[in-house]
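# Results of the structural survey
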Amino acid sequence: MLTLQRGRHHGLHIAPRWPATHIQIEEDALQGLLDAQARLPAELRLLVTRGFESRQGRLGDFRRRVRRLGIRVFRACYPGRHDEIDAIFGANGHDIDGHHVDVSLVLHGKRLRLLPLGVFTPPRWQDRRVARHAEAVALVKHSLQYCGFDLHHNPTEALQIHCDYRGSNQLADSGILQLLPKP
Ligand SMILES: [Zn+2]
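Residues numbered from 1 in each chain as written. Predicted model: local features only at pLDDT ≥ 70, side-chain atom pairs only at ≥ 80, totals over all residues. Heavy atoms only, no water.

## Points about the coordination of the zinc ion
We count it as follows: Donor atoms: N, O and S within 2.8 Å of the metal, or within 3.2 Å for Na, K and Ca. Because water is excluded, sites can look incomplete. The helix and strand labels rest on DSSP assignments: H or I over at least four residues marks a helix, E over at least two residues marks a strand, and numbering proceeds from the N terminus.
The protein atoms that coordinate the zinc ion are H94 (NE2), D102 (OD) and H162 (ND1), at distances of 2.0 to 2.1 Å. Counting residues between consecutive donors of the zinc ion along the chain gives the motif H-x7-D-x59-H. Linking D102 in strand β6 (residues 100–107) with H162 in strand β9 (residues 162–165), this pair joins segments that are 60 residues apart in sequence.

In structure tokens, the structure reads:
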């Protein structure tokens, strides 16, 4: 596992989500992110905000408390979306190993905020933001998938952008080969 401090790593932006001060990530997942970034146009860069976070310790306690509070607020705001709570507030593998990362987009040097209110951003706002940056979002998602990442099935979590590194040699399983033009 590698520990990355805030800043740049081979051109990849590293911006740990508060209050974390660094990001822990497996070496192969980092290579996957670098490969994914290499496939993007120069004006579009990846920014990593979260990797492995231990359940123990102060950060683990903090995330747990925020999650509990978040679930209460989410329930109150979105009574019709109870079935999404696990997907949105679960640890989603961040507490298991450094193959689970959250990625954000930097376009022309500016970070794209697809979820200005975090996971509480109303779905309609999410759609509007995604529509405005549809091309950049699609490019990043395709590039990540091509380089061995699975995107999260929940639309809100997928904007986070939560993805799981599954390795680089399983493209056939991902269905992406069907999207490529036939030879
Ligand atoms: Zn995540």
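## Considerations on the side chain of H162
Our working definition: Burial here depends on accessible area, computed with a 1.4 Å probe over protein chains only, as a share of the maximum for the residue type. Under 20% is buried, over 50% is exposed, and the range in between is partly exposed. N or O atoms closer than or at 3.5 Å make up a polar contact, with two conditions inside protein: a donor-capable atom paired with an acceptor-capable one, and, for residues adjacent in sequence, both atoms drawn from side chains. Pairs of residues are marked as contacts when any of their non-hydrogen atoms sit within 4.5 Å.
Among the residues examined, H162 registers a relative accessible area of 0% and is labelled buried. Within the structure, the side chain of H162 is placed 3.1 Å from the side chain of H94, a separation counted as a polar contact. Setting aside its immediate chain neighbours within four residues, H162 contacts N92, H94, H100, V101, D102, D150, L151, H152 and E157.

## Topic: unusual backbone geometry
Going from W18 to P19, the amide bond is cis rather than trans, its omega being 5°. Looking at the secondary structure, you find P19 in the loop between β3 (12–14) and β4 (22–25). The amide bond that connects Q160 to the next residue, I161, takes the cis arrangement and shows omega of -15°. With respect to the secondary-structure elements, I161 resides in the loop between α6 (155–158) and β9. Within the chain, H10 stands out as a residue other than glycine whose phi angle is a positive 50°. By secondary structure assignment, the location of H10 is in the loop between β2 (7–9) and β3.

## Points about helix α1 (residues 27–38)
The condition that has to hold: In this scheme, a helix's expected span is set at 1.5 Å multiplied by one less than its residue total.
Between its first and last C-alpha atoms α1 spans 16 Å; for twelve residues at 1.5 Å apiece the expected length is 16 Å, and the two agree. Listing the buried residues of α1 in full gives A29, L30, G32, L33, L34, A36 and Q37.

## Description of the nonpolar core
Definition in use: Put simply, a nonpolar core is a bunch of buried Ala, Val, Leu, Ile, Met, Phe, Trp, Tyr and Cys residues held in one set by side-chain atoms that sit within 4.5 Å of each other.
Core analysis: the largest hydrophobic core is formed by 30 residues, its most contacted members being L12, L33, L46, L105, V140 and L144. If you list the elements that add at least two residues to this core, you get β3, β4, α1, β5 (44–50), β6, α5 (134–146) and β9. With five residues, the single largest contributor to this core is α1. In terms of nonpolar packing, the next biggest core, distinct from the first, is built from six residues, Y78, I85, I88 and V119 among them.

## So, the packing of aromatic side chains
As a reminder of what qualifies: Centres within 6.5 Å make a pair out of two Phe, Tyr or Trp rings, where for Trp the six-membered ring is used; the pair is then stacked when the planes are under 30 degrees apart, edge-to-face when over 60, and tilted otherwise. Note on geometry: a ring has a charge over it if NZ (lysine) or CZ (arginine) is within 6 Å of the ring centre and within 35 degrees of the ring normal.
Counted under the stated rule, the structure contains six aromatic pairs. Taken together, a centroid distance of 5.3 Å and an interplanar angle of 85° make the contact between W18 and F62 edge-to-face. Note that W18 is positioned in the loop between β3 and β4 and F62 in helix α2 (residues 57–77), a separation of 44 residues in sequence. Ring geometry for F74 and F120: centres 6.2 Å apart, planes at 50°, overall tilted. Placement of the pair is F74 in helix α2 and F120 in the loop between β7 (110–112) and α4 (123–132), with a sequence separation of 46 residues. Here F120 falls in the partly exposed class, since its relative accessible area comes to 27%. Each member of the aromatic cluster is reached from another via a ring pair, and the members are F74, Y78, F89 and F120. Cation over ring: R39 sits above Y146, and NZ or CZ is 3.8 Å from the ring centre. Geometry around Y78 places R81 over its ring, the cationic atom sitting 4.6 Å from the centre.

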